[in-house]
Amino acid sequence: MNAAPIGIFDSGLGGLTVARAIFERLPHESTVYFGDTARVPYGPKSPETVRRYSLEILQWLLAQGVKAVVIACNTSTAHALQALRDASPVPVVGVIEPGARAAIAGSHGRVGVIGTAGTIASGAYRRAIEARAPDFEVFQQACPLFVPLVEEGWFDHPAARLIAAEYLRPLREAAVDALVLGCTHYPLLKPLLQAEMGPDVRLIDSGEETARALEEILARNGITGAAGGASSHRFVVSDDEARFRSVGARFIGERLSGAEVVPLG
Ligand code: DGL
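Definitions and cut-offs
Residues numbered from 1 in each chain as written. Predicted model: local features only at pLDDT ≥ 70, side-chain atom pairs only at ≥ 80, totals over all residues. Heavy atoms only, no water. Helix = DSSP H or I, 4+ residues; strand = E, 2+ residues; numbered from the N terminus. Rg over C-alpha atoms; globule rule 2.2 N^0.38 Å. Buried < 20%, exposed > 50% of the residue type's maximum accessible area, 1.4 Å probe, protein only. Near = heavy atom within 4 Å. Polar contact = N/O pair within 3.5 Å; in protein donor to acceptor, adjacent residues only side chain to side chain. Areas by Shrake-Rupley, 256 points an atom, 1.4 Å probe, with all protein chains shown as cover. Core = buried A, V, L, I, M, F, W, Y, C linked by side-chain atoms within 4.5 Å. Contact = heavy atoms within 4.5 Å. Pairing = 2+ DSSP bridges.

1. Observations concerning the overall build of the protein
Of the regular secondary structure elements, the protein holds 11 helices and 10 strands. For the protein, the C-alpha radius of gyration of 17 Å lies close to 18 Å, the compact-globule estimate for 265 residues. The dimensions of the protein, computed from C-alpha atoms along their principal axes, are 50 × 40 × 40 Å. When the 265 residues of the protein are sorted by exposure, 57% land in the buried category.

2. With respect to the site of the ligand
Taken together, 14 residues sit near the ligand, with D10, S11, Y42, G43 and T75 positioned nearest. Between the ligand and the protein, one listed contact pairs a nitrogen atom with a side-chain N or O atom of T184 at 3.0 Å. Its free accessible area being 300 Å², the ligand has 99% of it covered by the protein chains.

3. Observations concerning the nonpolar core
If you look at the biggest cluster of nonpolar residues, it comprises 72 residues, and the most contacted ones within it are L16, I114 and F146. Of all the elements, helix α1 (residues 16-25) adds the most residues to this core, at six residues. Among residues more than four places away in sequence, those in contact with L16 are Y33, F235, F244, G248, F251, I252 and L256. Core analysis: the next-biggest nonpolar cluster, separate from the first, contains 21 residues, L58, L61, I71 and V92 among them.

4. So, the sheet that holds strand β4 (residues 92-93)
The six strands lie next to each other as β4-β3-β1-β2-β9-β10, forming an open sheet whose pairing is parallel. Two strands bound the open sheet, and with one partner strand each, they are β4 and β10 (260-261). In this structure, strand β9 (residues 233-237) lies alongside β10, joined through two bridges in parallel fashion. Considered in β10, the bridge of V236 is made with E260.

Written out as C-alpha cells, the structure reads:
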C-alpha cells in the first residue's frame with residue numbers, strides 16, 4: 001500500500017485524456033498532473049529539447065513525492081522514455097509500449113499509426129510493434145494539424161473532416177485494420193476518425209491501455225493506493241491557467257476546477 005500520488009505529465013492539456021483514463025480505472029489513486037503549457041507543442045521540437053523539458057518535469061514531480069510517473073505525451077515518450085527511466089528512482093510508464101501491445105491484440109497484421117511529426121519521425125511505435133510482432137506491417141502518418149484543431153474544439157468541423165480525409169487517405173488505401181491514436185489529442189476526434197476510416201477499423205486509444213499498464217506496474221511494485229481510500233487530483237501548469245481550465249474541462253469535465261502555475265526552466 002502506498003498513498004502517495006501518481007505523477008502524470010504532458011506538453012499541455014492533451015494528456016488529460018490519459019489522466020481521465022487513469023481516474024476511471026484507478027479511482028482510489030491520487031494524482032499530480034503537470035501540463036507544460038508554456039512550452040507546448042512538443043510535436044515539432046527536436047528530440048534533445050523534448051528530453052530536456054521532460055527531465056525537468058520529472059525532477060519537479062519527484063520533488064512532489066510521487067510514487068510513479070506516467071508520460072502521457074506521445075512525443076515525450078518517443079524521445080525521452082529511456083532517459084527518464086534512467087534518471088528516476090520510481091517506475092516510469094510511457095504511452096507507446098501499451099499502445100503497441102493493444103494494436104497487436106486488435107489487428108490481424110496491418111496497423112496504421114498517427115501522431116505528431118516528432119512521434120512519427122522517431123519511429124517509436126513502428127519499432128515497438130515490430131519488436132513484438134515482426135510479421136506485422138506498420139503504416140505511419142504524421143497529422144500535425146490535428147492538435148490545433150482539437151485545441152480549437154473543432155471536433156466535427158468541415159475543416160477537420162477535410163484535413164482528416166487528406167491525412168488518412170494513405171492509411172485507408174493501405175487497408176489497415178487498426179489505427180493507433182498516437183497523440184494525446186486524437187481521442188477527442190474519435191467519431192470523425194472512425195467515420196473516415198470506416199466501421200471495420202479498430203481505433204486504439206493509448207490512454208486506456210496506459211492506465212491498464214500503470215495498474216499492473218503499481219501492483220507489481222506493491223505501491224497500489226488503499227482501495228476505497230479518498231483520492232485527490234492536483235493540476236499544475238507552466239503558463240496560462242485560464243485557458244488550461246476552459247479547454248481542459250472539455251477533456252475531463254468538472255474534475256478540473258482550477259490549476260496552479262509553476263514556471264519551469
Ligand atoms: N502531447 C503531444 C503528444 O501526445 C501532442 C501535443 C504537442 O505537440 O505537444 O504527442
